[in-house]
Amino acid sequence: MANRCITGTPMPNTFPSAGSEPVAPLLRAAGISKRYGNCIANDAIHLDVYPGEIHAILGENGAGKSTLVKVIYGLIQPNAGELRFMGRRIVLAGPAAARALGIAMVFQHFSLFENLTVAENVALGLPLPEPFAAICARLAKTALAYGLPLDPRREVWRLSVGERQRIEIVRALMQNPKLLILDEPTAVLTPQEADQLFVVLNRLKNEGRSILYISHKLDEVQRLCDTATVLRAGKKVATCDPRRETAASLARMMVGADVDRVKASRARGASVPRLVIDRLSLSADGPHEGRLKEVSLKVCGGEIVGIAGVAGNGQDELFAALSGERLAANAETILIDGRAAGLFGVTERRRLGAAFVPEERLGRGAVPRMKLSENALLTGHVASGMVKRGFIDKRETLAAADRIAATFDVRKAKRDPEAASLSGGNLQKFMVGREILREPGFLVVSQPTWGVDAGAAATIRQALIDLAGRGTAVLVISQDLDELAEISDRIAVIFDGNLSAPLAASAASREILGLLMGGAAIEPRACPQEEKHAVDA
Ligand code: ADP
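Residues numbered from 1 in each chain as written. Predicted model: local features only at pLDDT ≥ 70, side-chain atom pairs only at ≥ 80, totals over all residues. Heavy atoms only, no water.

Trainee: Can you break down the site of the ligand residue by residue, with the values?
Mentor: Close contacts around the ligand come from Tyr 36, Cys 39, Ala 41, Glu 60, Asn 61, Gly 62, Ala 63, Gly 64, Lys 65, Ser 66 and Thr 67, and that covers them all. Ala 63 places a main-chain nitrogen or oxygen 3.1 Å from an oxygen atom of the ligand. Measuring from an oxygen atom of the ligand, one finds a side-chain N or O atom of Thr 67 at 2.5 Å. When the ligand sits alone it has 560 Å² of accessible area, and the protein chains cover 64% of it. Counting only elements with at least two residues in the shell around the ligand, the list comes to strand E2 (39-49) and helix H1 (65-72). The greatest single-element share of the shell around the ligand, amounting to three residues, is contributed by H1. The residue inventory of the shell around the ligand, partitioned by class, reads four nonpolar, five polar and two charged. (Near = heavy atom within 4 Å. Polar contact = N/O pair within 3.5 Å; in protein donor to acceptor, adjacent residues only side chain to side chain. Areas by Shrake-Rupley, 256 points an atom, 1.4 Å probe, with all protein chains shown as cover. Helix = DSSP H or I, 4+ residues; strand = E, 2+ residues; numbered from the N terminus. Nonpolar A, V, L, I, M, F, W, Y, C, P; charged D, E, K, R; others polar.)

Below you can see the structure in the form of structure tokens.
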């Protein structure tokens, strides 16, 4: 039977309605299959979405969630199966056809032109030409009605990530959708902004609209969603009421096995500072870049320091300054194992034992069209036996890629595929693994589990904890407060280029961090030499 839980709590055959009449689904996806070569991304998936329902799609990375919603949004044509919308069979030639029916989608990565205003961006996304003044009026009305404040005349580059998301949501709502699809919408929000988004989503639900909600945050799904459909390896494995499940039981459905919580097994204790940042300032590199203002921090071997913050507050600049992509004004601003490294480039810093995992997996972290072994060479060549007398030892690079894949459970279709062919989570495991296996003295990693499923996230977090346990200084830049709370010893917040004093993780409540992330009074930082360094033992 279609609408029945397979491994979770049993579900009724129809979505509960106010009366006793069974309610017909707004959307039925029946037997949707999509194949890419040998990979079955969606395998005969059945999904019913009812009116006024917030329906989560859960699954590990590569489980088939994006493929399914892209089929529903008309971006991908399935190989088999059919879609029914309001009882009628539909064939979607493209997203425009989906939007015309009342299906809207907000993607995780926004499609906005930074130099255009809010209203201009909205106008570009509308299906029919409309006088600009009318668009502005409609925009303001929709924004006001849903409590999503936006200034139509403001240029996008001036806006926070949360405000940019608002544009996408308002643009979708201006099409008066019956079904709104959201892909990981809270990944870029502060806890307070996420709470505001939930108010809007519940409001849409109460208006009878349906929401398909992709998220990896199980607690959020339990708080918000009426139903969850769980996918695993392209197949639907369960439809359940997430509120009647535990986070552990949902994770088990997703992964097919128990997901270990990370274990703080390392012997902790204050040790020698391996990274010292002393009053690091960086000017804006372009009109859309942020600045760093006298950032100071000390990270000792054996500890993980987390940097929380809403995207766009200087995280990219901090990462670039630490990795050597941007140089500091003087060498002493950044000390790596006591060596003044502020004027060193990336390779020289790697030689000092530093390692870097950037947020952007494809392009910056890995070259998409290069094989994994070649990507292993890119950062590993400085200290490994991969290059001998100026020649690349291909056996060695392949062996390195094999080692990374085996240690970090990187799932791939063949032995040495191109980086671009891996799912996001598997590529992330590869990139983190590549740096960890070099046993760096200092590692900075940005958004280590961005868009990564629970199983892969647990693997990566455990690997970071174990690395710190072996004496490495680990700096984690992340927007995920749960992640930071789980792995960090201390947490600092970056806002508008200023870094707050780090708090012991036990003292850094979500409320305090959320306030700091929103710009509430941040104490000026003491120079680290004067700072009394506190790592809880
Ligand atoms: P999820 O959104 O759950 O992470 P996806 O739907 O993106 O999963 O991917 C499902 C599977 O299909 C993965 O194994 C992925 O590698 C594969 N896949 C997705 N898109 C393509 C594509 N354009 N070409 C080849 N394989 C793809």
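Trainee: How would you explain the sheet that holds strand E9 (residues 227-232) if you had to name every residue and give the values?
Mentor: Strand pairing in a sheet takes place through backbone hydrogen bonds and is either antiparallel or parallel in direction. Taken together, six strands build an open sheet; the order of strands is E6-E7-E8-E3-E9-E10 and the sheet is mixed. Each edge of the open sheet carries a strand with a single partner, namely strand E6 (103-106) and strand E10 (235-240). The sheet shows a mean angle of 20° between the axes of neighbouring strands, taken without regard to direction. Both strand E3 (residues 54-59) and strand E8 (residues 210-214) contribute to a ladder of four bridges, which runs parallel. From the neighbouring strand, Ile 54 faces E8, where its bridge partner is Ile 211. Each of E3, strand E7 (179-183) and E8 touches helix H6 (residues 191-206); the most contacted strand, E8, lies at about 140° to it. Across the face of the sheet, helix H8 (residues 247-255) comes into contact with E3, E9 and E10 while running at roughly 35° to E9. (Pairing = 2+ DSSP bridges. Axes fitted to C-alpha atoms, helices over the stretch in contact; angles between N-to-C directions. Contact = heavy atoms within 4.5 Å.)

Trainee: Report on the pattern of salt bridges, specifying residues and quantitative values.
Mentor: With the rule as written, the count across this model stands at 31 salt bridges. Salt-bridge contacts for Asp 496 lead to Lys 293; the nearest nitrogen and oxygen are separated by 3.1 Å. Taken together, the positions of Asp 496 in the loop between strand E21 (490-495) and strand E22 (498-499) and Lys 293 in strand E12 (residues 292-300) put the pair 203 residues apart, joining distant regions of the chain. For Asp 496, a relative accessible area of 42% corresponds to the partly exposed category. Each of the salt bridges in this network shares a partner with another, and the network as a whole consists of Lys 205, Asp 226, Asp 241 and Arg 243. (Salt bridge = Lys/Arg side-chain N within 4 Å of Asp/Glu carboxyl O. Buried < 20%, exposed > 50% of the residue type's maximum accessible area, 1.4 Å probe, protein only.)

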